[in-house]
Amino acid sequence: MQYEPIKRSLGRFITKSLFLRKTLYFLLDLLLLRTWHVKKALRGIGKHLPADASVLDAGCGFGQYSWRMSRMNPGWKIKGVDIDKDQIEDCNTFFKKTGLSGKVSFQTCDLTTLSDLNCYNLIISVDVMEHIEKDVLVLNNFYRSLKNGGILLISTPSDKGGSDVHDGEDESFIDEHVRGGYGLNEITEKLSAAGFISVDVRYTYGIPGSIAWRLSMKYPIKMLNLSYMFFIVLPFYYVIFFPVSLILNIFDLCLTHKTGTGLLVTARKE
């Protein structure tokens, strides 16, 4: 399935309006289970960071996590980077209009060439690593970019059905993914080899979350890949299925999962 064309079409629609963009951020916060897990992790991490922490949003996309962090932690200085120049331009324009450009900025960057050294107290990377072939290089760049004691937070699909890949014969649900997901040992070993310590890898998207993902993301994206005319149908679809997905998300956030299609990873630079 092609996800990027849908995202670009949505972006063109919402970027002209502050209200629509804020509404999009609000809806993404509600709809995307990964956002729930990331927000929970950020609340815990934030207690251990200085009030004026420097943060890198690595692969910032629409800027929804930069927006969320700027509201959760008013003293943080946040830099969002992405390889997509149009999205970076849109983010800079939006944050300037909201008066946040003094503490939140955006810059075009390929994470494989990230060259910041000892700059950040926190790096977050949400739904990015599955798009990058040279992941070991990027993890090494993250390590060098963190200050001593800095924390890395990653959300990415697991190899237990992440991206809807269940065995070697399956292809990723999202065509832009270069891998179906990470195993716990694989990502732990890659982070440790890069120099990280205190590596903690937890499953997300257990049974409740996987069902919610199908209802709230997979089936709508499949419809939109057939025809953008389904944008008209989606509000009615979500009236029915959003409450169900919301309840399932709550269960997924509160439960500990022995397996799941997503991973939430934290690691620290010594």
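The notes below deal with the structure included here. (Residues numbered from 1 in each chain as written. Predicted model: local features only at pLDDT ≥ 70, side-chain atom pairs only at ≥ 80, totals over all residues. Heavy atoms only, no water.)

1. Details of the layout of surface pockets
In plain terms, the rule: The method works on a 1 Å grid over the protein atoms by themselves. A cavity is a set of points holding a 1.4 Å probe that cannot get out, a pocket is an open set with protein on both sides within 12 Å along at least five of seven lines, and residues with an atom within 4 Å of a point line them. Grid points are joined across faces, edges and corners, and a volume is the space filled by probe spheres set on the points. Think of it this way: any DSSP run of H or I at least four residues long counts as a helix, any run of E at least two long counts as a strand, and we number them from the N terminus.
In this structure, the second largest pocket occupies an estimated 440 Å³ of space. Taken together, 15 residues make up the lining of the second largest pocket; nearest its centre are His37, Lys40, Asp200, Arg202 and Leu264. Mapped by element, the contributors of at least two residues to the lining of the second largest pocket are α3 (33–46), β6 (197–204), α9 (234–254) and β7 (262–268). The leading source of residues in the lining of the second largest pocket is β6, at four residues.

2. Quick notes on unusual backbone geometry
Among all residues save glycine, negative phi is the norm, and among peptide bonds the norm is trans. Test applied: Only protein chains enter the accessibility calculation, which uses a 1.4 Å probe. A residue is then buried if its area is under 20% of the maximum for its type, exposed if over 50%, and partly exposed in between.
Notably, Asp127 is not glycine yet its phi reads approximately 55 degrees, a positive angle. Positionally, Asp127 belongs in the loop between β4 (120–126) and α6 (135–145). Phi at Ser198 is positive, roughly 50 degrees, even though this residue is not glycine. You can see Ser198 is positioned in strand β6. Owing to a relative accessible area of 49%, Ser198 belongs among the partly exposed residues under this scheme.

3. Let's talk about the side chain of Thr156
As a reminder, the rule being used: Within 3.5 Å is the distance limit for a polar contact, defined as a pair of N or O atoms, with the added protein rule that one can donate a hydrogen and the other accept it, and that residues adjacent in sequence qualify only through two side-chain atoms.
With respect to the element layout, Thr156 can be found in strand β5 (residues 146–157). On the basis of relative accessibility, which here comes to 3%, the residue Thr156 falls in the buried class. Within polar-contact distance, the side chain of Thr156 engages the side chain of Glu130 at 2.8 Å.

4. As for the nonpolar core
The criterion, for reference: Residues belong to a common nonpolar core when they are buried Ala, Val, Leu, Ile, Met, Phe, Trp, Tyr or Cys residues joined through side-chain atoms within 4.5 Å. Pairs of residues are marked as contacts when any of their non-hydrogen atoms sit within 4.5 Å.
Met69, Trp76, Phe95, Leu122, Ile124 and Leu153 are the most contacted members of the largest nonpolar core, which totals 39 residues. Looking at this core, the elements with two or more residues in it are α2 (18–31), α3, α4 (64–72), α5 (85–97), β3 (104–108), β4, β5 and α8 (207–226). Considering every element that reaches this core, the biggest residue donor is α3, with six residues. In this structure, Ile124 is in contact with Leu42, Leu56, Asp57, Ala58, Tyr65, Met69 and Leu153, ignoring residues within four places of it in sequence. Ile123, Phe142, Leu191 and Phe196 belong to the second-largest nonpolar core, a separate cluster that totals 28 residues.

5. A short note on a nonpolar patch on the surface
Applicable threshold: Exposure above 30% relative accessible area and no salt bridge define the residues that can form patches, which grow by joining like charges within 9 Å and nonpolar side chains of Val, Leu, Ile, Met, Phe, Trp and Tyr within 5 Å. Method for areas: the Shrake-Rupley scheme with a 1.4 Å probe, in which residue coverage is limited to the protein chains shown. The salt bridge criterion pairs a side-chain nitrogen of Lys or Arg with a carboxyl oxygen of Asp or Glu, the two atoms within 4 Å.
A surface patch of nonpolar side chains, amounting to about 300 Å² of accessible area, comprises Met229, Ile232 and Val233. Judged by its relative accessible area of 58%, Met229 is exposed.

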